[in-house]
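Each chain, written out:
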Protein chains: 2
Amino acid sequence: MPRSSRQASDRDGRATSLPLTGDSDLPTCNRPRASVRRVVVEGVRPAVDGGRFPIKRTVGESVEVDATVFADGHDRLTVVLEDRRVDSGAWREIGMVAVDAGVDRWAARFSVDAIGWHEYRVAAWIDRFGSWRHDLEVKSASGHDVSLELLEGAQLVRDAAARAGEAGRLEKPGHDSTGADTSARGLDAADWLIAQADRLSGFGSISDRVAAALADDLRAMMTAHSDRSRASRSRVFRVWVDRERARFGAWYEMFPRSAGPDANRSATFREAMTRLPAIADLGFDVLYLPPIHPIGVSFRKGRNNRLVAEPGDPGSPWAIGAEAGGHTAIDPGLGSFDDFHAFRDLAQRLRLEIALDLAWQCSPDHPWVREHPDWFRQRPDGTIKYAENPPKRYQDIYPLDFECDDWAALWRALRDVALFWIDQGIRIFRVDNPHTKAFPFWKWFIDEIRARQPETIFLSEAFTRPAPMHYLAKAGFTQSYTYFTWRNSKAEITEYFTDLSAAHVREYLRPNLFANTPDILHAYLQVGGRPAFEARLLLAAALGASYGIYSGFELAENRAVPGTEEYADSEKYQLRQWDWDRVGHIKELVARVNSIRRRHRALQSDWTLRFHATDNPEIIAFSKSAGNDTILTVVNLDPRYMQHGWVECPLQAAGQGGKTRDDSYLVRDLLDDTVYEWRGTWNYVRFDPGVRQGHMLRLERQGFHSRTA
Amino acid sequence: MPRSSRQASDRDGRATSLPLTGDSDLPTCNRPRASVRRVVVEGVRPAVDGGRFPIKRTVGESVEVDATVFADGHDRLTVVLEDRRVDSGAWREIGMVAVDAGVDRWAARFSVDAIGWHEYRVAAWIDRFGSWRHDLEVKSASGHDVSLELLEGAQLVRDAAARAGEAGRLEKPGHDSTGADTSARGLDAADWLIAQADRLSGFGSISDRVAAALADDLRAMMTAHSDRSRASRSRVFRVWVDRERARFGAWYEMFPRSAGPDANRSATFREAMTRLPAIADLGFDVLYLPPIHPIGVSFRKGRNNRLVAEPGDPGSPWAIGAEAGGHTAIDPGLGSFDDFHAFRDLAQRLRLEIALDLAWQCSPDHPWVREHPDWFRQRPDGTIKYAENPPKRYQDIYPLDFECDDWAALWRALRDVALFWIDQGIRIFRVDNPHTKAFPFWKWFIDEIRARQPETIFLSEAFTRPAPMHYLAKAGFTQSYTYFTWRNSKAEITEYFTDLSAAHVREYLRPNLFANTPDILHAYLQVGGRPAFEARLLLAAALGASYGIYSGFELAENRAVPGTEEYADSEKYQLRQWDWDRVGHIKELVARVNSIRRRHRALQSDWTLRFHATDNPEIIAFSKSAGNDTILTVVNLDPRYMQHGWVECPLQAAGQGGKTRDDSYLVRDLLDDTVYEWRGTWNYVRFDPGVRQGHMLRLERQGFHSRTA
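Residues numbered from 1 in each chain as written. Chains lettered and ligands numbered in written order. Predicted model: local features only at pLDDT ≥ 70, side-chain atom pairs only at ≥ 80, totals over all residues. Heavy atoms only, no water.

J.: What is the right way to read the overall build of chain A from this model?
T.: A tally of regular secondary structure across chain A gives 17 helices and 31 strands. Dimensions of chain A along its principal axes, counting C-alpha atoms only, are 105 × 75 × 45 Å. By residue count, 58% of the 709 residues in chain A fall in the buried class. Computed over 93 positive and 99 negative side-chain charges, the separation of the two mean positions in chain A equals 1 Å. (Helix = DSSP H or I, 4+ residues; strand = E, 2+ residues; numbered from the N terminus. Buried < 20%, exposed > 50% of the residue type's maximum accessible area, 1.4 Å probe, protein only. Lys, Arg positive; Asp, Glu negative; His and termini not counted. Charge placed at Lys NZ, Arg CZ, Asp CG, Glu CD.)

Dropping the structure here:
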């Protein structure tokens, strides 16, 4: 066949579209054909419940994707990871690499650099040119006659030229970032490819033609213009990307009404401002306030949760709503919106971000009880059903009925409450008992808020069974309270945090480890005294990239209602005045720990958590790392007695796996800057509760030296 | 409120439809409302890839379903498992039981009693009456005033009455199996419920009214007429149900052309019939024949896979197609269709089911090469591309091009080949190298065949990487060849079969353990001699509910092409005449094992496989059980030397967990009917390769007695 006629027929016949039928005089092998997608893409990870729920990231993090991809036979595959910001629309693409050909597993990663929704998927197709190129290489090395193969390859290249030309014509006139004309580029590629095809099928020597066929630039251009018409694609998986605070932060909870000069009345926000510098000095990032709204009078609880309040008892802030207003009002005792704004602004200048409480319930005095009685459950006698857990009754609280006839208006009203406070500059909400409200509400609510203010962070306070707790995280909550307060032994802590950091869980659930709350003063703290508080602080701050304490923790306040986890004289029901410098406080440790957390990226994510062996059941050891920075935290869980023992040091994790047991190296306790010389894997530690309850050791890369050197 | 007016308004107001707005004088609490589905149903098992692929069962088996189901708050839930035959349309329903409330896990099972597609799903809704009933019980026990609660309950019952009445009116006039009028039943239920509601809200004493509220018959009727309008449902999951042979069977592979009187020509089917009684006597269920079609002449392979055939060499049956026809023809050497039918009919009378080979490839002489050259890959010189794995070439084979332009016609032609043999009475196909044909084809092909003949069984011969092998099973293949031939050590066998029987794998992949094939004579058999064949037979037959041997195995035929797994003088390329009674055969053992398999249900499923500890790495022990029947197989893997040691007996599995180490009991070796007295968990075994290579022990329930008794 004369070369010129073949070439012309390619140029003409393929100028407008790819022929899908075999009626030309051209060989039909290796042509693109319709409909049969031979590549299987399955098992894409990460994926929450097969992609039903999004995974979570923060800005700057990456998503490592892998998938099982294969086809029948021995053809080579091209596998790519596609990702995009949902807003911007354009898919990016990066080649995936076969990480384990024996199990057909491919991997690649992309990073997310903006708040909001992102998507990813895996696409794969038969790499005809790559398959052909590989066969050509083997056959020509074996001395086979490859002249027919070269003609087949030339056809593949001409097919690619046609695609390149078509793409160039379809491209809207425009210019890329270098100023080049983008549509001209496709046409240039087409011309270049046709020239290459001519070389493959031309009059040169076989060895020259094989060399042209195997050239790297041809391979690259063929990859760029490969035939994707029968690409197989996975479903689209979603990523919700938050700002960094969603991943990392130290929280401090306080009752502003207690922070005033007069023990007999609520402090105003303006008065409570005086506490802010001290809290900022402790190194906290988030200041969480229980509900700041007017408190109901009907059935108001008295001190220590008495059923009847005395005159002057302030009531529980969670009994929301009174004459002065409901969820969008401020309790008159706390002052005006001006006072609140002043408090908020000072906090902001001190790098303390305010978190408010969303507690979707009402006192009997809430305006909604009059305005929207149908948002509550009504009884046959016309009264509204109060909260109960028979035989217990909570007459100061009316639950909202999330499936009432007027549920759509109720849901919108709740959304508007959150938007109201967002207008007041609030971007973090701690959500009270979300597991007692209809789950479909949360999914809708969080999506609605995020569509308007994507920086918003929601912390789920669901102390319930694992399934609903995890479901709330999947449905959209940014962070979740955990069972941390009830995990005090080495075995409990190890098992629980191993579970929480498991690959499939960490994709959607971000733990926030509160060491205490106004509702939970664990027996370990009640009886363990100051060393117990120190140990739990170290655990919370080092195990959790997000952690929190409720004020009083830094004073080692441990008086409880006997036989309960309730604080004695709880601030939930009364005003308290605290001596913030009283004997036994652990403020220096708190400040030190928070400062270490801010300086060490290793502590700002939960993904690298690993537990390490010790030979003493009272001593727990775990590490986190980021790049070269590895922090090994070792804590004595026994607040009463000296404990000592041997700890296995994660040399491998610290990138020092080559060290032998004879090599020594330095570890620095970041808590007091003491440097220890350690040797090999196992090293000795000793903790006297009167002196220290743990170490936060940085493995120093400098200072390593071999004993034998 | 006067009782009569309330009652009348209920009856009248609710006679035609349920009010969805709150504008009547009735209490609005506990009314059905629109749209909010509060129950979450997730994590339904079994599910293959989240339900993308069906699970598999055989007729009479059951499906144990569990799911995570929960709602917000403390309401009680009703959770049901729904299943149906896809043909019949009607969903059955069975209540699911909370197996572990702490993790919200619910379970139930259904059984499948017909071949074909079945479906299942989980549905759940708030059990308002149950929640209310529980609260009433607690409150009245605590002495609370429950008069309002009783009115609320009465309303719930009236709501149910309205639903029952509505259901009765919607029911088509008809009669159930007892002859009762089905629509009248709903109306009767409505009347009965209204009477109960009257009792709850009536003038009786509180204690009488509470007793009426808590009555079991009311609870049952309320469950039957519960409000499902806001039920949450999982997706629908599919089950493909096969006949029993899909789960259990002993396969025998033979080349009928070798089974004749004349060593110099192919036997006809009529001649090969003489072999059938002997094969049936060995206890096999399936007789698998390599391709029986005309064999190509072009590039025909000679004996021992020589590139050039000598005159008289019969060629490989997998080089399908010649002058005499293609995939729907019978090789003239094998005789006529009449001969084939005679062979098939005798096999059937001997309870041997014929399995044919589907090998989708053609010799250069196949009629399709002339009739449909476009079904193959054509080269620039007009020739058809033969199979190759560069630098190796297989010029006697033309692969079909599953994505050719005319692919739809090709696919239909292949389907019609299978349907042709189904018309010949064939119901089992062994599929040659399915992993080298486009995967979407198999899914379509198997669905098409099953829609026409659901008894059809497909065995996938995909000796390839795990991902495509498993994918073919998911896509529809009934059974799969395995890596069994290459798993010979205790560790290899234990790991491999533990993986294959894992909960998520066994739902879709049914292994068929061939101990040898015409392509695979493993070195273990080559060097191990008769004891090796005995050991591998016991392993295959006891590990695999489906297993097979290729003829010659029972003769311990072990001559290989040196340095390969190929048989010397392989029947793939030449005729062989065998002396079926030659010295060293293991036919008695084969017959015995197959007989044991037929008598013991324990060996007819792979789901109960468990490995047990032994103290000798050459001795492997595992058990299967069905009801009270537990079979413990113990095999010496060393074909050369005597091995002895201790075996851990699965007393627990045998339902004898209460036995102590001092109790003795009997185990019977089903291979030779020897009875041993064993004591406690660990017992001694000893195997001399000259005597026996293993035990198949039945744990006898009779004969247990305590030493101390």
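J.: I keep staring at the environment of A:Gly153 and nothing clicks. Help me out?
T.: Structurally, the position occupied by A:Gly153 is in helix H3 (residues 147–170). Sequence spacing of A:Gly153 and A:Asp672 is 519 residues, and the spatial spacing of their C-alpha atoms is 69 Å.

J.: Can you walk me through the environment of B:Ser229 in this structure?
T.: Residue and element names in this part refer to chain B. Relative to the assigned elements, Ser 229 resides in the loop between helix H6 (216–224) and strand E9 (232–233). Taking the relative accessible area as the measure of exposure, Ser 229 reaches 42% and is therefore partly exposed. Along the sequence, Ser 229 and Tyr 288 sit 59 residues apart, while their C-alpha atoms lie 54 Å from each other. Side-chain polar atoms of Ser 229 contact the side chain of Asp 227, separated by 2.8 Å. (Polar contact = N/O pair within 3.5 Å; in protein donor to acceptor, adjacent residues only side chain to side chain.)

J.: It is not clear to me how the state of the cysteines should be interpreted in this structure. Could you clarify?
T.: Simply put, disulfide is the name for a covalent bond between the sulfur atoms of two cysteines. Residues and elements named next belong to chain A. In total, this model carries 0 disulfides over all chains according to the counting rule given. Cys 362 carries a free sulfur, and the closest cysteine sulfur to it, the one in Cys 404, is 12 Å from it. By relative accessible area, Cys 362 is classed as buried at 0%. (Disulfide = S-S within 2.5 Å.)

J.: Where do I start with the packing of aromatic side chains in this structure?
T.: Ring pairs (aromatic) are described by centroid distance and by the angle formed between their planes. All names here are of chain B. If you walk through the whole model with that rule in mind, you get 90 aromatic pairs over all chains. For the ring pair Phe 337 and Trp 421, a centre distance of 5.7 Å and an interplane angle of 20° mean the geometry is stacked. Placement of Phe 337 in helix H9 (residues 337–349) and of Trp 421 in helix H11 (residues 407–423) is noted, with a sequence separation of 84 residues between them. Classification of Phe 337 by relative accessible area gives partly exposed; the value is 25%. Residue classification places Trp 421 among the buried positions, given a relative accessible area of 1%. Over the face of the ring belonging to Trp 578 we find Arg 576, whose NZ or CZ atom lies 4.2 Å from the ring centre. (Phe/Tyr/Trp six-rings, centres within 6.5 Å; stacked < 30°, edge-to-face > 60°. Lys NZ or Arg CZ within 6 Å of the ring centre and 35° of its normal.)

J.: How should helix H17 (residues 587–599) of chain B be read in this particular structure?
T.: Since one α-helical turn is 3.6 residues long, residues separated by three or four positions face the same way. Helix length check: H17(B) (13 residues) gives 18 Å between terminal C-alpha atoms against 18 Å at 1.5 Å per residue, within 8%. On its buried side, H17(B) packs onto strand E11 (249–253), helix H16 (523–543), strand E22 (546–550) and strand E30 (694–699) of chain B. (Expected span 1.5 Å × (residues − 1). Contact = heavy atoms within 4.5 Å.)

J.: Would you mind showing me how to read the pattern of salt bridges here?
T.: Opposite charge on two side chains permits them to pair, given that their charged atoms come into close proximity. Taken as a whole and judged by the stated rule, the model has 125 salt bridges over all chains. A salt bridge links A:Glu93 to A:Arg228, with the nearest nitrogen and oxygen atoms 2.6 Å apart. On the criterion of sequence distance, the pair formed by A:Glu93 in strand E5 (residues 92–95) and A:Arg228 in the loop between helix H6 (216–224) and strand E9 (232–233) is long-range, its members being 135 residues apart. Residue class for A:Glu93 comes out partly exposed when judged on its relative accessible area of 40%. Notably, a salt bridge pairs A:Arg245 with A:Asp285, separated by 3.9 Å at the nearest N-O pair. Highlighted residues: A:Arg245 in the loop between strand E10 (237–242) and strand E11 (249–253) and A:Asp285 in the loop between helix H8 (276–281) and strand E12 (286–288), separated in sequence by 40 residues. Like A:Arg245, the residue A:Asp285 is buried in the burial classification. Linked through salt bridges whose partners overlap, the residues forming this network are A:Arg38, A:Asp72, A:Asp75, A:Arg128, A:Asp227, A:Arg230, B:Arg377, B:Asp401 and B:Glu403. (Salt bridge = Lys/Arg side-chain N within 4 Å of Asp/Glu carboxyl O.)

J.: Mind showing me how you'd approach the environment of B:Arg105 here?
T.: All names here are of chain B. Among the secondary structure elements, Arg 105 is positioned in strand E7 (residues 105–111). Among the residues examined, Arg 105 registers a relative accessible area of 12% and is labelled buried. Each C-alpha atom of the pair Arg 105 and Ala 67 lies 5.6 Å from the other, and the pair is 38 residues apart in sequence. Within polar-contact distance, the side chain of Arg 105 engages the side chain of Asp 66 at 2.9 Å.

J.: Looking at this model, I keep getting lost on the interface of chain B and chain A. Mind explaining?
T.: One widely used convention gives an interface's size as the accessible area the parts lose upon coming together. The interface of chain B with chain A comprises 67 residues on the first partner and 67 residues on the second. Between chain B and chain A, roughly 5,600 Å² of surface is buried when both sides are summed, and carbon and sulfur atoms account for 53% of that area. Counting every contact that joins chain B to chain A gives 17 salt bridges. Taken together, the links from chain B to chain A amount to 20 residue pairs in polar contact (both at pLDDT 80 or more). Broken down by secondary-structure element, the contributors of at least two residues to the side of chain B that touches chain A are strand E1 (39–45), strand E3 (62–71), helix H2 (128–141), helix H3 (147–170), H11, helix H12 (439–452) and helix H13 (466–475) of chain B. Its residues assigned to classes, the side of chain B that touches chain A shows 28 nonpolar, 13 polar and 26 charged. (Buried area = accessible area lost by both parts, 1.4 Å probe. Nonpolar A, V, L, I, M, F, W, Y, C, P; charged D, E, K, R; others polar.)

J.: Quick question: what am I supposed to make of the pairing of E10(A) here?
T.: On any regular strand, side chains alternate: one points to one face of the sheet, the next to the other face. Residue and element names in this part refer to chain A. When you tally the buried positions in E10, you get 5 out of 6 residues, the bulk of the element. The pairing of strand E2 (residues 55–58) with E10 spans 4 bridges and is parallel. Counterpart to Thr 58 in the pairing with E10 is Asp 242. Here strand E8 (residues 116–126) runs beside E10; their pairing, made up of 5 bridges, is antiparallel. Paired with Glu 119 across the strands is Arg 238, a residue of E10. (Pairing = 2+ DSSP bridges.)

J.: How should unusual backbone geometry be read in this particular structure?
T.: A negative phi holds for most residues other than glycine; trans holds for most peptide bonds. All names here are of chain A. Residue Pro 390 is joined to Pro 391 through a cis peptide bond whose omega torsion reads 5°. Inspection of the secondary structure assignment puts Pro 391 in the loop between strand E15 (387–389) and strand E16 (392–394). Located in the positive-phi region is Asp 569, a residue other than glycine, with phi close to 50°. Using a relative accessible area of 24% as the deciding quantity, one classes Asp 569 as partly exposed.

J.: I would appreciate a short explanation of the relation of the copies chain B and chain A in the present structure.
T.: Two copies of a chain can be linked by a rotation about an axis combined with a shift along that same axis. For the pair chain B and chain A, the superposition axis carries a translation of 0.0 Å, the fit reaches an RMSD of 0.1 Å, and the rotation angle comes to 180°. Considering both components of the superposition, the chain copies are consistent with a two-fold axis. When C-alpha distances to the rotation axis are compared across chain B, the minimum falls at B:Gly50, with a value of 3.4 Å. With an isologous cut-off of 70% or more, the 100% of interface residues of chain B that recur at the interface of chain A puts this contact in the isologous class. (Least-squares fit on C-alpha atoms with pLDDT ≥ 70 in both.)

J.: Sorry, what's going on with the sheet that holds strand E1 (residues 39–45) of chain A here?
T.: Within a sheet, adjacent strands bond to each other through the backbone by hydrogen bonds, running parallel or antiparallel. Taken together, the 4 strands give an open sheet; going across it, the order is E1-E3-E7-E6 (chain A), and neighbouring strands pair in antiparallel fashion. The strands lining the two open edges of the sheet, one partner per strand, are E1 and strand E6 (97–100) of chain A. Across this sheet, the average inter-strand angle for adjacent strands is 40°, counted without regard to direction. The pairing of E1(A) with strand E3 (residues 62–71) of chain A spans 5 bridges and is antiparallel. The residue bridging A:Val39 from the neighbouring strand is A:Ala71, located in E3(A). Each of E1 and E3 of chain A touches H13(B); the most contacted strand, E3(A), lies at about 70° to it. (Axes fitted to C-alpha atoms, helices over the stretch in contact; angles between N-to-C directions.)

J.: How should I be thinking about the pairing of strand E18 (residues 428–432) of chain B in this particular structure?
T.: Residues and elements named next belong to chain B. Within E18, 5 of the 5 residues are buried, which leaves it mostly tucked inside the rest of the structure. With burial as the criterion, each face of E18 is covered, one bearing Ile 428, Arg 430 and Asp 432 and the other bearing Phe 429 and Val 431. Both strand E13 (residues 353–358) and E18 contribute to a ladder of 4 bridges, which runs parallel. When the sheet's bridge partners are listed, Leu 356 is paired in E18 with Phe 429. When E18 meets strand E19 (residues 457–461), the two strands line up parallel, connected through 5 bridges. If you follow Val 431 over to E19, its bridge partner there is Ser 460. Since E18 and E19 lie parallel, the crossover through H12 that links them has a hand, and here it is right-handed. (Right-handed = clockwise from strand over helix to strand, strands pointing away.)

J.: Explain the sheet that holds E11(B) to me, please; I cannot follow it from the model alone.
T.: All names here are of chain B. Taking strand neighbours around the barrel as the criterion, the 8 strands line up as E11-E12-E13-E18-E19-E20-E21-E22 in a closed arrangement whose pairing is parallel. Across this sheet, the average inter-strand angle for adjacent strands is 25°, counted without regard to direction. Of the pairings in the sheet, the one linking E19 to strand E20 (residues 479–481) comprises 2 bridges and is parallel in character. Across the sheet, residue Ser 460 finds its bridge partner in E20, namely Ser 480.

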